[in-house]
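Examining the three-dimensional arrangement
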Amino acid sequence: MVEFQSRIGKDGRLTVMEIPFDARETFQMPKGTIFVCGTINGIPYRGKLLSRGNGKQVLTIDKTLQKGLGYAGQDFPVNVAMACENQAEMVDEEKEAIPRLHSDMEAITAIAGRASVRKYADKTVEPQKLEVILRAGLSAPSAKNKRPFHFVVVEDKAVLGAWAAGNSNAKMLSHAPCCIVVCGDGNVEGTRDFLVGGCAAATQNMLIAIHALGLGGVWCGVLRGKEWSRQVAADLYLPVKVEPLTVIALGYPTEQEKAPVPWDMKSHIHYERW
Ligand SMILES: Cc1cc2nc3c(=O)[nH]c(=O)nc-3n(C[C@H](O)[C@H](O)[C@H](O)COP(=O)(O)O)c2cc1C
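Residues numbered from 1 in each chain as written. Predicted model: local features only at pLDDT ≥ 70, side-chain atom pairs only at ≥ 80, totals over all residues. Heavy atoms only, no water.

1. Some details on the domain arrangement of the protein
In terms of domains, the protein is made up of domain 1 (2-92) and domain 2 (100-251). A separation of 31 Å is found between the C-alpha centroids of domain 1 and domain 2. Domain 1 puts seven residues into the contact, and the matching count from domain 2 is nine residues. Summed over both partners, the interface of domain 1 with domain 2 buries about 620 Å², with 47% contributed by carbon and sulfur atoms. The largest share of the area that domain 1 buries against domain 2 comes from Pro44, Arg46 and Thr64, three residues that together contribute 71% of it. (Domains from an automatic or database assignment. Contact = heavy atoms within 4.5 Å. Buried area = accessible area lost by both parts, 1.4 Å probe.)

Printed below as a string of structure tokens:
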């Protein structure tokens, strides 16, 4: 991670941040697109550097990030932390440290066999399994690959109990060994439909992984602006513009999952037109 000070300003029609060093040399990227991520004044960003000639590189600052930073068109000094994502992809030792995303269950079997599980044994979910589940969530698609999701794992019984008491649809949390709160980062994705869509994709990926690993889980909806949403956000100390969008309760099932209700294919599948 490189830390530096820079300025945000106009470059023609674009709003950009200057990179005050030779990014190709610093990130050891003699050619190709340089993908970067980090924080600007503490606000997370992801993007790619644009070449402006003479070795000069800039990062474009989109409208959402401009708003998050409070940029209003004036020349604007910023403190930046920047890492090169291409490098992260290239480090072999780090790759080896990532547990292989594997389960013995075939993908279609896992998707078709998943069902909500709301009763759990008094047994901790192993950290290795949790990591596989979380990585399955991170593998979800998101608009423009902005990856606007953060996951908070909660095992604190007092917190789980308080959340169960605060929402009659989330009572199962009182005896779940843990939950994963999927949070959407509005600083990174300003279009709410895309924010919700990306977090929903991450939630479903995790539910399938939970099932494929022999665990059981259920998606608890979080309604925007309701007391429960505020309670969860406050207990997690979520930053500004980061909101809880789903809560996944999970654990070892104590009862056989109900087989999913079969679909009448003809009633919901259409070809060429409705
Ligand atoms: C957006 C959404 C919100 C949900 N909220 C809750 C909830 O608050 N509590 C709960 O017990 N289940 C919740 N569920 C789970 C559904 O009740 C469940 O997926 C549905 O009944 C189908 O059953 P299945 O998951 O076993 O296939 C939610 C599911 C979705 C997709």
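Anyway, onward from the coordinates.
2. Considerations on the site of the ligand
Around the ligand sit Arg114, Ala115, Ser116, Arg118, Asn169, Met172, Val218, Trp219, Cys220 and Gly221, and that is every residue in its neighbourhood. A distance of 2.8 Å separates an oxygen atom of the ligand from a polar atom in the side chain of Arg118. Within the backbone of Trp219, one N or O atom sits 2.9 Å away from a nitrogen atom of the ligand. The protein chains hide 53% of the 630 Å² of surface that the ligand would expose on its own. The class makeup of the residues in the shell around the ligand is five nonpolar, three polar and two charged. (Near = heavy atom within 4 Å. Polar contact = N/O pair within 3.5 Å; in protein donor to acceptor, adjacent residues only side chain to side chain. Areas by Shrake-Rupley, 256 points an atom, 1.4 Å probe, with all protein chains shown as cover. Nonpolar A, V, L, I, M, F, W, Y, C, P; charged D, E, K, R; others polar.)

3. Here we look at the environment of Val2
Within the secondary structure layout, Val2 lies in strand 1 (residues 2-11). Sequence separation between Val2 and Ala81 is 79 residues, and the spatial gap between their C-alpha atoms is 5.6 Å. Beyond its immediate chain neighbours, meaning those up to four positions away, Val2 contacts Phe21, Thr26, Phe27, Val80, Ala81 and Met82. (Helix = DSSP H or I, 4+ residues; strand = E, 2+ residues; numbered from the N terminus.)

4. With respect to the packing of aromatic side chains
The final tally for this structure, using the stated rule, is four aromatic pairs. Ring centres 6.1 Å apart and planes at 80 degrees place the aromatic pair Phe21 and Phe27 in the edge-to-face group. Classification of Phe27 as buried rests on a relative accessible area of 3%. Pairing Phe149 with Phe151 gives two aromatic rings, centres 5.8 Å apart and planes at 20 degrees, and the pair type is stacked. When sorted by exposure, Phe149 lands in the same class as Phe151, which is buried. Each residue in the set Phe4, Phe21 and Phe27 is aromatic and connected to the rest through ring pairs, giving one cluster. (Phe/Tyr/Trp six-rings, centres within 6.5 Å; stacked < 30°, edge-to-face > 60°. Buried < 20%, exposed > 50% of the residue type's maximum accessible area, 1.4 Å probe, protein only.)

5. Considering helix 9 (residues 227-235)
For helix 9, every residue scored as buried is listed here: Trp228, Ser229, Val232 and Ala233. For helix 9, the angular spread of buried residues about the axis comes to 130 degrees, placing them on one side. Check the buried side of helix 9 and you find it contacts helix 7 (157-166), strand 8 (178-185), strand 9 (216-221) and strand 10 (242-251). Taken from the residues just after helix 9, Tyr237 is the one with a positive phi, measuring 55 degrees. (Arc of directions from axis to C-beta.)

6. Overview of the pattern of salt bridges
Applying the stated criterion across every chain yields a total of eight salt bridges. Close ionic contact of Asp11 with Arg52 constitutes a salt bridge, the shortest N to O distance being 2.9 Å. Residue Asp11 is found in strand 1, and its partner Arg52 is found in the loop between strand 4 (43-51) and strand 5 (57-60); the two are separated by 41 residues along the sequence. In this structure Asp11 comes out as partly exposed when scored by relative accessible area, which is 25%. Overall, Arg52 belongs to the partly exposed group, its relative accessible area being 35%. Each of Asp62, Lys146 and Glu189 takes part in salt bridges that share partners, so that together they form one network. (Salt bridge = Lys/Arg side-chain N within 4 Å of Asp/Glu carboxyl O.)

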